[in-house]
Amino acid sequence: MASTGGKFRLKTVYKNKRSIGPLHTCGSVAVSGDGSKLVTCVAEEAVLTNVLTGEEICRFAGDTQSITSLCLTPSASQLIIFTSAPSLRVYEIPTATTRNKIHPVRVVARAHDAPVHVCTIDPSSTYLASGSADGVVKVWDIKRGYVTHIFKGHGGIVSALKFNFPRDPSVVVPQNTLQLITASVDTRIRIFDLTATTKKGDQGARPIAVLEGHVSVPRGLDVTPDGKWLISGGRDSVVLVWNLHAKSGGVKSAEASTGKGKSNSPVLAQTIPVMERVEAVGLLLAGDLVPSSSASQLRFYTAGEKGVIRIWDVKDSSVLYSLSPVADLKTEDQEEQRQIVEAVYLPSISTIVSVHADQNILFYDLNTRNLHRQLIGFNDEIVDAVFLSPNAPKSVDSHIAFATNSSLIRVYSTTGLDARLLTGHTEIVLSLDHGAGGQLFASGSKDRSVRLWAPAPPNDDLPTEWGCVAICEGHAESVGTVAMSRTFGEGGTTGVQFMFSGSQDRTIKMWYIGDVPLVYDASQHGQSLMKCKSLTTHKAHEKDINSLDVAPNDRLLASGSQDRTAKIYGIDFSRATGDRSAHGEIKLLGTCKGHKRGVWTVKFGRSERVLATGSGDKTVKLWNLEDFTCVKTFEGHTNSVLRVDFINHGMQLVTSASDGLVKLWNIREEECTATMDNHEDKVWALAVSTDERTIVSAAADSVVTFWQDCTEEEEQENEAKRSELVLREQDFMNYLSLHDYRKAIQLALAMQQPGRLLSLFKDIRATPSESAADVSSVTGNGAVDEVLRTLGGSDLARLLRYVRDWNPNAKTSGVAQGVLYAIMKLRSADDVIAAFTDEAQEGILQSSGQESVKSTASGNTALKELVDSMIPYTERHLSRMDRLVQDSFVVDYILSEMDDGMFDGQDVDAMDVDTEVSS
């Protein structure tokens, strides 16, 4: 960004390019049939997201109650939501992205007497089935909004629902079978006929069959497209296969008990033990083939407590293959968090979507049997972030890693929501840092270890995977900060050579990592990790060490601590050669004292020998590394400064703090040039891209913000606006000189310059016209009358707002009253109301003729507000004019009286003229 004068321009504008917020915090999840749209629950709202781009399409307005269940119609045109009220809300899915909340097209205030936990929609998007906690199932007509069936008799909470609308291509005459299959906590599965009519006096329709086989809650139901086979899975760790068209009667039937048993009754065909509590089960389609009457061709999937999706073959009762991310779950808490609570099969794209207890959503491709996409629902408190470049130098800063309030590291793609979870640590990860090149990165954790991570070999068909390649153990307390070497080894081919770690045990350790591979080999997963050697251990501070940083030339190390000091060390490192092992040590060079609270962050300048520190005393200090004195202090944050970094060749600083703000500083002037606000809590993480075009901030509010440098674009936009304004002003002056008042008024309104408009109306009033048309006009100028008579809706509303602003001032009230009189004479009341209605529809209301503000007021409301604001001043002006008229009569009376008394009733018009008399 060098200018023509050889100087660098200051960056002054960073705009929010995109944000990553909470995607899924609780409740159900719905996916469109093509897998492109995802509906999730965030607090009490439902959010629609574009899965491919990661863009939030819209939010659906709720009723301040938590969402208990939701589902999308197969056509993805409507969304059904049940809340804990319990109310039923139907929404139309928008076709384009909108910032406005979508309101329901239909609301049933009390759809059930108890909360609804499961709901489903039939394949034709016509009927909705909902099951509540009191054991009642209702079937709704979605289009017309009424209940078609009520099924009672379930022995507790309804746990699963499935429509059975068979379609058999081998049958010429279509079957008229419409069934609803339900499951509840009484372990029974019931089949209801939707075509049967309810008898008078019945407590709802009775089931045509009750299937007994589970000993715990059935959580999943699915039926083959031809309606011949039913599969059910439950928390009793078994999957049951039912033949719905069997010839024998092996189940209880409501009609059989009355002597009207049918020839075809469901029977249990097979029991498959799956050895885990099943939360979701479904049948798979083998390409376009429809399963036949033989159960041996059936294949299904199960998902449950182990967090793994298994594909089963019914014939052999065996697992064909499993779908799961590569993970080492070392604690019971991690295993519990990885449980699958819901799974959705998308046959059109051969994908299974699994929803886990830790709010993560995974997309598995059945064709490749790989994890295709992973969406992280909730990141919790984010404490650190670092850019990564796994494919450098081909692509730089393509990924970003986050340390959150978890033992799992999140690695996001910078272009979307696709992410990966890295398992390895057993406690919360506190810090991250990347080495030279951005391929290898390190993480420090509360488990007192440091782990090194590297990318797997690039694969164009799959997203980048990461794995742990080495571990550093030796600290006695939590590792709160890590710092890696900023340069490569000799020749630039050997990778990063050393790394530092700082701990709550108040020591700094130096590690040799020159032998650590830069590529992760998945085939060696599960084998023992490489353990790095500690080169030196140094007792550094009297309190916890919060931050470490290595100078760009790898010769200096800085540390910041809660003891309110920052220390500078010299690094002495010699790499391994031949039989000689690597050697390294650090030596204290100086101490930077001056902060009144603990030092949270330290950062070396990239081009000058300076050090920046951020502290709990709300200040940022700049230190000279020659004599370790403070040369500048930056004040502006209202709380602790947590992160600091240099940008723009060391001319500027970027900082983040506990006040939720990110600030940009001009070092030379010691002033803040920009403040970025998109967080509501402490901004712990701050990362700057290699080209400094992007700044990423992440906070304790679980929001990640990508700030894009828009300084040049802003300057170009301002320059274009200035050029356009100059041209318009010149056109305005030309119109005035040509007495083209029509175009002059329209241009003044378009430029939103009420001052020029006021001067124009003053000139028209002060310049009388001798033309007959102008004499008979309302305003004194026929052209102005024509403009007011034909003025557009929004322009007319804007002019009336200017009149309102002119009216309170006695000096400009005459012009205001004149324009208002002309508008009332030339325009009808309907025209004025329509003008404000048009303006309200555009969503733009002018405030003081300068700023555009959004308004939802209708045209009538906006007009009433304007009239109410003009009436008091108009009445005041009228009273003042009445007083002036009265005073004028008094003056006339006084003058007349003065005339009568002075001349004694003589004719004042006659004047005595002195005449010369001749002698």
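Reading the values: the criteria
Residues numbered from 1 in each chain as written. Predicted model: local features only at pLDDT ≥ 70, side-chain atom pairs only at ≥ 80, totals over all residues. Heavy atoms only, no water. Helix = DSSP H or I, 4+ residues; strand = E, 2+ residues; numbered from the N terminus. Buried < 20%, exposed > 50% of the residue type's maximum accessible area, 1.4 Å probe, protein only. Contact = heavy atoms within 4.5 Å. Areas by Shrake-Rupley, 256 points an atom, 1.4 Å probe, with all protein chains shown as cover. Axes fitted to C-alpha atoms, helices over the stretch in contact; angles between N-to-C directions. Parallel < 35°, antiparallel > 145°, perpendicular 65-115°, else oblique. Nonpolar A, V, L, I, M, F, W, Y, C, P; charged D, E, K, R; others polar. Salt bridge = Lys/Arg side-chain N within 4 Å of Asp/Glu carboxyl O. Disulfide = S-S within 2.5 Å. Phe/Tyr/Trp six-rings, centres within 6.5 Å; stacked < 30°, edge-to-face > 60°. Lys NZ or Arg CZ within 6 Å of the ring centre and 35° of its normal. Pairing = 2+ DSSP bridges. 1 Å grid on protein atoms, 1.4 Å probe; cavity = no way out; pocket = protein on both sides within 12 Å on 5 of 7 lines; lining within 4 Å. Points joined across faces, edges and corners; volume = space filled by probe spheres on them. Expected span 1.5 Å × (residues − 1). Patch = residues over 30% accessible without salt bridge, like charges linked within 9 Å, V, L, I, M, F, W, Y side chains within 5 Å. Core = buried A, V, L, I, M, F, W, Y, C linked by side-chain atoms within 4.5 Å. pLDDT = per-residue confidence, 0-100.

**So, the overall build of the protein**
Right, on to step 1. In terms of regular secondary structure, the protein is built from 10 helices and 59 strands.
Right, on to step 2. The burial tally for the protein puts 50% of its 919 residues in the buried class.
Right, on to step 3. A fraction of 51% describes how many contacts in the protein between residues 6 or more apart in sequence connect residues 24 or more apart.
Right, on to step 4. Summed over all atoms, the accessible surface of the protein reaches about 43,300 Å², with 48% contributed by carbon and sulfur.

**Digging into the packing of helix H4 (residues 754-766) against helix H8 (residues 813-826)**
Right, on to step 1. Viewed as axis vectors pointing N to C, H4 and H8 meet at an angle of 80°, and their least axial separation amounts to 10 Å. Compared by their axis directions, H4 and H8 come out roughly perpendicular. Where H4 approaches H8, its residues Leu758, Phe761, Lys762 and Arg765 are matched on the opposing element by Gly814, Val815, Gly818 and Val819.
Right, on to step 2. Residue composition of the contact of H4 with H8, by class: 4 nonpolar, 2 polar and 2 charged.

**Quick look at the pattern of salt bridges**
Right, on to step 1. Taken as a whole, this structure holds 35 salt bridges when the rule is applied.
Right, on to step 2. Across the pair aspartate 113 and arginine 110 runs a salt bridge whose closest N-O atoms are separated by 3.8 Å.
Right, on to step 3. For arginine 110, a relative accessible area of 52% gives the class exposed.
Right, on to step 4. For arginine 728, the salt bridge goes to glutamate 724, with nearest N and O atoms at 3.5 Å. Pair noted here: arginine 728 and glutamate 724 are both in helix H2 (residues 711-737), with a separation of 4 residues, about one helical turn.
Right, on to step 5. Residue arginine 728 is classed as partly exposed on the basis of its relative accessible area of 26%.
Right, on to step 6. By relative accessible area, which is 42% here, glutamate 724 ends up partly exposed.
Right, on to step 7. Residues joined by salt bridges that share partners form a network here, namely Lys11, Arg693, Asp709 and Glu713.

**Here we look at the state of the cysteines**
Right, on to step 1. In this structure the tally under the stated criterion is 0 disulfides.
Right, on to step 2. Here cysteine 71 stays unpaired: no disulfide links it, and the sulfur of cysteine 119, its closest cysteine neighbor, is 3.4 Å away.
Right, on to step 3. Classification of cysteine 71 as buried rests on a relative accessible area of 8%.

**Topic: the packing of aromatic side chains**
Right, on to step 1. Scanning the entire structure with this criterion turns up 15 aromatic pairs.
Right, on to step 2. These aromatic residues form a ring-pair network of at least three members: Phe498, Phe500, Tyr512 and Phe573.
Right, on to step 3. One residue, arginine 18, lies across the ring of phenylalanine 706, its end atom 4.5 Å from the ring centre.

**A look at the sheet that holds strand S4 (residues 45-50)**
The strands making up a sheet are joined through hydrogen bonds of the backbone, oriented either antiparallel or parallel.
Right, on to step 1. One open sheet holds the 4 strands; their spatial order is S2-S3-S4-S5, and the pairing between them is antiparallel. Each edge of the open sheet carries a strand with a single partner, namely strand S2 (30-31) and strand S5 (56-60).
Right, on to step 2. Bridge analysis of S2 against strand S3 (residues 37-42) gives 2 bridges, and the strand direction is antiparallel. Note that in S3 the partner of valine 31 across the bridge is leucine 38.

**Description of empty space enclosed by the protein**
Right, on to step 1. On inspection of all chains with the given rule, the structure shows 2 cavities of 30 Å³ or more.
Right, on to step 2. Computed from the structure, the largest cavity encloses a volume of approximately 60 Å³.
Right, on to step 3. Along the walls of the largest cavity sit Ile80, Leu88, Val90, Arg106, Val108, Leu128, Trp140, Asp141, Ile142 and Gly145, which together make up its complete lining.
Right, on to step 4. Elements with a contribution of two residues or more to the lining of the largest cavity: strand S8 (88-92), strand S9 (106-108) and strand S12 (137-141).
Right, on to step 5. Its residues placed into classes, the lining of the largest cavity shows 7 nonpolar, 1 polar and 2 charged.
Right, on to step 6. As a volume, the second largest cavity reaches approximately 30 Å³.
Right, on to step 7. The wall of the second largest cavity is formed by Glu44, Glu45, Ala46, Phe60, Ala61, Gly62, Ile67, Ile81, Thr83 and Tyr91.
Right, on to step 8. The set of elements that each furnish at least two residues to the lining of the second largest cavity consists of S4 and strand S7 (78-83).
Right, on to step 9. Here the residues of the lining of the second largest cavity are counted per class, giving 6 nonpolar, 2 polar and 2 charged.

**Points about the sheet that holds strand S18 (residues 218-223)**
Right, on to step 1. One open sheet accounts for 4 strands, arranged S18-S19-S20-S21; its pairing is antiparallel. Each edge of the sheet is formed by a strand with only one pairing partner; in this case those strands are S18 and strand S21 (267-273). Neighbouring strand axes in the sheet, compared pairwise and without regard to direction, differ in orientation by 20° on average.

**Thoughts on H2**
Right, on to step 1. When the terminal C-alpha atoms of H2 are compared, their 39 Å separation across 27 residues agrees well with the 39 Å that a helix rising 1.5 Å per residue should span.
Right, on to step 2. Immediately beyond the C-terminal end of H2, within one or two residues, lies histidine 739, with a positive phi of roughly 60°.

**Points about the environment of isoleucine 80**
Right, on to step 1. Along the polypeptide, isoleucine 80 turns up in strand S7.
Right, on to step 2. With relative accessibility at 0%, the residue isoleucine 80 sits in the buried group.
Right, on to step 3. Considered as a pair, isoleucine 80 and tyrosine 91 are 11 residues apart in the sequence and their alpha carbons are 6.5 Å apart.
Right, on to step 4. The contact partners of isoleucine 80, leaving out residues within four places of it in the chain, are Ser69, Leu70, Cys71, Leu88, Arg89, Val90, Ile121, Leu128 and Ile142.

**A word on a nonpolar patch on the surface**
Right, on to step 1. A surface patch of nonpolar side chains, amounting to about 570 Å² of accessible area, comprises Val890, Val891, Tyr893, Ile894, Leu895 and Met898.
Right, on to step 2. Within the secondary structure, tyrosine 893 sits in helix H10 (residues 859-903).
Right, on to step 3. Classification of tyrosine 893 as exposed rests on a relative accessible area of 52%.

**Digging into the nonpolar core**
Right, on to step 1. If you look at the biggest cluster of nonpolar residues, it comprises 38 residues, and the most contacted ones within it are Ile745, Leu757, Phe761, Leu799, Trp806 and Phe836.
Right, on to step 2. For isoleucine 745, the residues in contact, after removing those within four places along its chain, are Leu757, Leu760, Phe761, Val784 and Val787.
Right, on to step 3. The next biggest cluster of nonpolar side chains, apart from the first, holds 29 residues, and it includes Leu23, Leu346, Val355 and Phe706.

**Focus on the packing of H4 against helix H7 (residues 793-806)**
Right, on to step 1. At a closest axis distance of 11 Å, the pairing of H4 and H7 adopts a crossing angle of 80°. Of the possible angle classes, the one that applies to H4 and H7 is roughly perpendicular. Contacts between H4 and H7 involve Pro754, Leu757, Leu758 and Phe761 from the former and Leu799, Tyr802 and Trp806 from the latter.
Right, on to step 2. Residues that form the contact of H4 with H7 fall into these classes: 7 nonpolar, no polar and no charged.

**Focus: the confidence of the model for the protein**
Right, on to step 1. Summarising the model, the protein shows a mean pLDDT of 84, and 87% of its residues fall at 70 or more.
Right, on to step 2. In the model, residues 253-263 has pLDDT below 50 throughout and makes 12 contacts with residues more than four positions away in sequence or in other chains.
Right, on to step 3. For the stretch residues 288-293, pLDDT sits under 50, and the model shows 11 contacts to residues farther than four places along the chain or on other chains.

**Regarding unusual backbone geometry**
Right, on to step 1. Between alanine 85 and the following residue, proline 86, the backbone shows a cis peptide bond with an omega angle of 0°.
Right, on to step 2. Mapped onto the secondary structure, proline 86 falls in the loop between S7 and S8.
Right, on to step 3. Non-glycine residue glutamine 359 carries a positive phi angle of around 65°.
Right, on to step 4. Residue position: glutamine 359 is located in the loop between strand S27 (351-356) and strand S28 (360-365).
Right, on to step 5. By relative accessible area, glutamine 359 is classed as partly exposed at 21%.
Right, on to step 6. A positive phi angle, near 55°, is found at asparagine 648, a position not held by glycine.
Right, on to step 7. The topology assignment puts asparagine 648 in the loop between strand S51 (641-647) and strand S52 (652-657).

**What about the environment of serine 581?**
Right, on to step 1. Following the sequence through the fold, serine 581 ends up in the loop between strand S45 (565-574) and strand S46 (583-593).
Right, on to step 2. Note: C-alpha distance between serine 581 and tyrosine 512 (69 residues apart in sequence) is 9.8 Å.
Right, on to step 3. Once you skip the residues sitting within four places of it in the chain, serine 581 turns out to touch Lys533 and Ala576.

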